[in-house]
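Observations on chain architecture
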Amino acid sequence: MRLLACLAATAALASAAAAQDRPANELRIGYLNTTTGSGALLGRHLENGWKLGLAHEGWAKDGDALGGVPTRIFYADDQTRPETGLKEVEKFLKSDKVQIVAGIIWSNVIMSVQKPVFDAKAMLLSTNAGPSPLAGPLCNPLFVSSSFYNEGNSEALGEIANKDGSKSAVLMAPNYQGGKDMLAGFESTYRGKIVETILFKLGESDFQADLSKLRASRAESLAVFAPGAMGVAFIKQWTASGLGRQVKLYSINTIDNMSLPAVGEAALGAVEAHHWTPDLDNAKNKRFVRDYVAKFGHLPSHLAAAAYDAPGLIAAGIKAAGGKTDDMAAVARAIRKSTFESPRGTLRYNVNGFLIQPYWRVEVMKGSDGKAAIKAVERLGERTDPHWQKCPADKRV
């Protein structure tokens, strides 16, 4: 904790000097991602979506314009560690003199960097992480999300489980801010009995003991959040255990187009709630999926879709602010007051910078080619995060 406080103070002190040394009328963006370790699979999709979004805005290299302003982009790897993420953001702010910090997969990482970013009067644009404190008491007019609030998918999933008649469930997630938010969302809407809650280590790959607890619980259902490589390991062990014959599997960002190629038919029958799938029928989504597959050779995920939207939001915000790069609050305000076309449809913002967006019931079934595929089968309607009323009035936009 002492290290985090020290680095945060250093970033705040550096912000004034950074603004003085930055070239006039140049936009600088620091993109914080996870490119090594167990989170690298997620990071690859996040960066692919971001770079395709840049390409669709006409940006290919440093010096090209984004929103009509010459733009430089800096990249860093947080290694799934809050202290590493904070150190990299301190460099973004002090040495690279960025006005925007974007990216960020993990909720514990974004919670460690949000204060120094805001203290530096920079904009924080999350392309994935959506922790509940940033939606509520720690909300800030310099924050914008292109993704979702953490509980959105799991709240919708709890309602799906109710509709399916589930009477009892075990919950599983990694033990960090994002995992706890995901499970809280499911609990807030699920009407059945929560038999047990299992919190495992972030990056876990051995779930045998947890599956034994599930078997002993005799619960009807399992709601599990295990993103990326954790999800691949979990689904393989789940299949080997044979528990799928007794327990209904509800996936929270566990089975998606990042993990599905590795688990294949083992995922058949799983149910998930989601805010995006590749088969959504709108022009923006068709272009996104077509160009993504052509460029990267595989289907995109929800991480790629949310990251894809971010460059367009930045460009629109810069244009609305008259091309000025010295007032990121004005840029963030312009984004938050807008509606925009996304692969998810036409979206708008809540007063805390999080999106109000529709969700779908999603199922894993065999596609026309006989392979496991993720399909949206029912639109569930829009969801608004429950935390915005805790956002102080002077921080709302």
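To keep things clear, this report deals only with the structure shown in the data block. Quick caveat: nothing in here was measured; it's all calculated off a predicted structure.

Topic: the state of the cysteines
Joining two cysteines, a disulfide is a covalent bond between their sulfur atoms. One pass over the structure, following the stated rule, counts one disulfide. In this model, Cys139 is linked to Cys391 through a disulfide, with the two sulfur atoms separated by 1.9 Å. Handedness here is read from the sign of the S-S torsion; for Cys139 and Cys391, about 85 degrees, the answer is right-handed. With a gap of 252 residues between them, Cys139 in the loop between helix H5 (132–135) and strand S6 (143–145) and Cys391 in the segment after strand S15 (372–383) connect regions that are remote in the sequence. Of the two residues, Cys139 and Cys391, neither departs from the other in class, the shared state being buried.

Let's talk about the packing of aromatic side chains
Inspection of every chain in the model, using the stated rule, returns 13 aromatic pairs. With 5.9 Å between their ring centres and 65 degrees between their planes, Trp106 and Tyr176 make a pair best called edge-to-face. Residue Trp106 is found in the loop between strand S4 (100–103) and helix H4 (107–119), and its partner Tyr176 is found in the loop between strand S7 (168–174) and helix H7 (177–189); the two are separated by 70 residues along the sequence. When sorted by exposure, Trp106 lands in the same class as Tyr176, which is buried. Ring geometry for Tyr292 versus Phe296: centroids 4.8 Å apart, planes at 55 degrees, classification tilted.

Side note on H4
Over its 13 residues, H4 extends 19 Å from the first C-alpha to the last, a length consistent with the 18 Å expected when each residue adds 1.5 Å. Along H4, the sharpest change in direction is near 35 degrees and occurs at Val113; proline Pro116 comes one to four residues later. Along H4, the residues classified as buried are Ser107, Val109, Ile110, Ser112, Val113, Gln114, Pro116, Val117 and Phe118. Of the residues trailing H4, Lys121 is marked for its positive phi of about 60 degrees.

Side note on the nonpolar core
Trp50, Met123, Leu222, Phe234 and Ile314 are the most contacted members of the largest nonpolar core, which has 120 residues in total. Here the element with the most residues in this core is helix H12 (residues 302–320); it accounts for 10 residues. Residues contacting Met123, with those up to four places away along its chain left out, are Gln99, Ile100, Val101, Val117, Leu142, Val144, Ile314, Met328, Val331, Ala332 and Ile335.

Quick notes on the rules
- Residues numbered from 1 in each chain as written.
- Predicted model: local features only at pLDDT ≥ 70, side-chain atom pairs only at ≥ 80, totals over all residues.
- Heavy atoms only, no water.
- Disulfide = S-S within 2.5 Å.
- Helix = DSSP H or I, 4+ residues; strand = E, 2+ residues; numbered from the N terminus.
- Buried < 20%, exposed > 50% of the residue type's maximum accessible area, 1.4 Å probe, protein only.
- Phe/Tyr/Trp six-rings, centres within 6.5 Å; stacked < 30°, edge-to-face > 60°.
- Expected span 1.5 Å × (residues − 1).
- Bend = angle between axes of the 7 residues up to and from the residue.
- Core = buried A, V, L, I, M, F, W, Y, C linked by side-chain atoms within 4.5 Å.
- Contact = heavy atoms within 4.5 Å.

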